[in-house]
Amino acid sequence: MGTNVSNIDEMKSTALKAFVKEFGENANICVCAPGRVNLIGEHTDYNEGFVLPMALPMVTLIVGKLSNIERCKIVSLSETVSFENYTDFEVSSRKNIQPGEPKWANYVKGCIANFICDVPPFNAVIVSSVPVGAGLSSSAALEVAIYTFLEALTNALACQHAEHDFAGVPCGIMDQFISVMAREGYALLLDCKNLNTKQIPMSQMNDYVFLITNSNTPHKLSSSAYCERRDCCYEAAKKLNKKSLREVSLSDIEVLQLQNVSEKMIKLTRHVVTEIQRTVDAAVALEKGDLNKFGQLMNESHDSLKNDYEVSSVELDTLVSAAREVNGVLGSRLTGAGFGGCTVTLLKKDMIDKVINHMKAKYPGNATFYIANSAMGARILDIN
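All values reported here derive from a predicted model rather than from experimental measurement.

### Quick word on the pairing of strand β9 (residues 329-335)
The buried count for β9 comes to seven of seven residues, which makes it a mostly enclosed element. When β9 meets strand β10 (residues 342-348), the two strands line up antiparallel, connected through six bridges. When the bridges of β10 are listed, R333 appears paired with V344. The hairpin formed by β9 and β10 contains six residues between the paired strands, and G336 there has a positive phi angle of roughly 95 degrees.

### Quick notes on the UniProt feature "domain: GHMP kinase C-terminal" (unreviewed entry) in the protein
The UniProt feature table records "domain: GHMP kinase C-terminal" (unreviewed entry) at residues 283-364. In residues 283-364, helix accounts for 55% and strand for 17%; the two terminal C-alpha atoms are 34 Å from one another.

### A short note on unusual backbone geometry
A positive phi is found at N241, a non-glycine position, where the angle reads about 60 degrees. On the secondary structure map, N241 appears in the loop between α6 (224-239) and α7 (250-258). Look at F339: it is not a glycine, yet its phi comes out positive at around 60 degrees. Mapped onto the fold, F339 is located in the loop between β9 and β10. Looking at F339, the relative accessible area reads 23%, which means it is partly exposed.

### Considering the packing of α7 against helix α8 (residues 263-288)
Contact geometry of α7 with α8 gives a least axis separation of 10 Å together with a crossing angle of 170 degrees. With respect to each other, α7 and α8 are oriented roughly antiparallel. Here L250, I253, L256 and Q257 of α7 come into contact with α8, specifically with M265, I266, T269, R270, V273 and T274. Across the contact of α7 with α8, the residue classes tally to six nonpolar, three polar and one charged.

### A word on the sheet that holds β10
Pairing between sheet strands relies on hydrogen bonds along the backbone, with the strands arranged either parallel or antiparallel. Strand order across the open sheet formed by four strands is β9-β10-β8-β11, with antiparallel pairing between neighbours. Looking at which strands have only one partner, the edges of the open sheet turn out to be β9 and β11 (368-371). The average undirected angle you get between the axes of adjacent strands in this sheet is 20 degrees.

### Describing the nonpolar core
Ranked by internal contacts, the top residues of the largest apolar core, which has 57 residues, are L39, L52, L136, F210, L286 and F294. With 10 residues, the top contributor of residues to this core is α8. The two domains that each donate at least three residues to this core are domain 1 (8-198 + 375-380) and domain 2 (203-372). Those residues in contact with F294, other than ones at most four positions away along the chain, are L39, L52, F210, A282, A285, L286 and L346.

### Concerning the pattern of salt bridges
In this structure the tally under the stated criterion is 15 salt bridges. A salt bridge links K239 to E235, with the nearest nitrogen and oxygen atoms 3.9 Å apart. With a gap of four residues between them, K239 and E235 both fall in helix α6, about one helical turn apart. The exposure class assigned to K239 is partly exposed, which follows from its relative accessible area of 34%.

Rules behind the numbers
Residues numbered from 1 in each chain as written. Predicted model: local features only at pLDDT ≥ 70, side-chain atom pairs only at ≥ 80, totals over all residues. Heavy atoms only, no water. Buried < 20%, exposed > 50% of the residue type's maximum accessible area, 1.4 Å probe, protein only. Helix = DSSP H or I, 4+ residues; strand = E, 2+ residues; numbered from the N terminus. Pairing = 2+ DSSP bridges. UniProt positions renumbered as here; feature names shortened; annotations may be inferred. Axes fitted to C-alpha atoms, helices over the stretch in contact; angles between N-to-C directions. Parallel < 35°, antiparallel > 145°, perpendicular 65-115°, else oblique. Contact = heavy atoms within 4.5 Å. Nonpolar A, V, L, I, M, F, W, Y, C, P; charged D, E, K, R; others polar. Core = buried A, V, L, I, M, F, W, Y, C linked by side-chain atoms within 4.5 Å. Domains from an automatic or database assignment. Salt bridge = Lys/Arg side-chain N within 4 Å of Asp/Glu carboxyl O.

The structure is reproduced here in structure tokens:
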């Protein structure tokens, strides 16, 4: 059976005890921010298209308080960073805050450097249930949690700058937006061109649910393959005299072909153009309760990501194929940037165990399963 909750009270208790042990006093601020799963709309965000994510019950939680010395001291309890789980740095001058080791601390430093005002020194403990490298936005959960903590201590866009400048990840804005703006029981349709949003209710899901499967083959967003695809999309838009691929139609692809561009550029452009339309259509289908249509669009999305954008993997394809073989599954696709990470599957609730067992039987690796109930966005928690 899949896991469907993060025990926030238990996480908070663990973090508060660790704070006392590390710093010899009680914390007085507690915040959390969720990870996310993108239901459809992959590699469209940096092309000014549409995305349709929802927040997950998995969260990054931070407890802390002001310090009386001129340095920030932060401890991470995450098992994934059990080595180099401590960092401290001066905050007296923003220009002196520089990226470095450990790498996870760069997300924290980036948020401080981009914060709306000067940040006083503080002590903090971080604990997270968002798996790292799975495509569920562990980095954005950390950034938004830090930003929420900083607000409580003394603009989602500042988080995006943190990821670009300090962590070296040329991401879009989707991850930070959904972590901030998510509402329980809703997915969020985000227009990455003008940042308009629409909350899409999920009450019509009734007997259906989304299942996340972590292939446990981590992806790396800062890898050259991701950057090459992004840059190729920008070049395609430039060749068509468009600001972004959001403004490109299928007929424009014929213009590209007449320019004798590479087949790779044609395929990447075709994925983005069709994926943007699929995402718009999927939001309409979800709002209407047409889950068969939504599942069909999920399948088309994965096939396009596999064949045109070429960001799937043997592991992801195996999981998707296995899920689709079971009656009661309406659609399955990779989610996140690809190159490893997770799949998301739309299926009947009463088929969860059967689907998981079938996927386990077909998958040679050690997959992890989560039931994806939509959750709240970032928030301040009662310290008691």
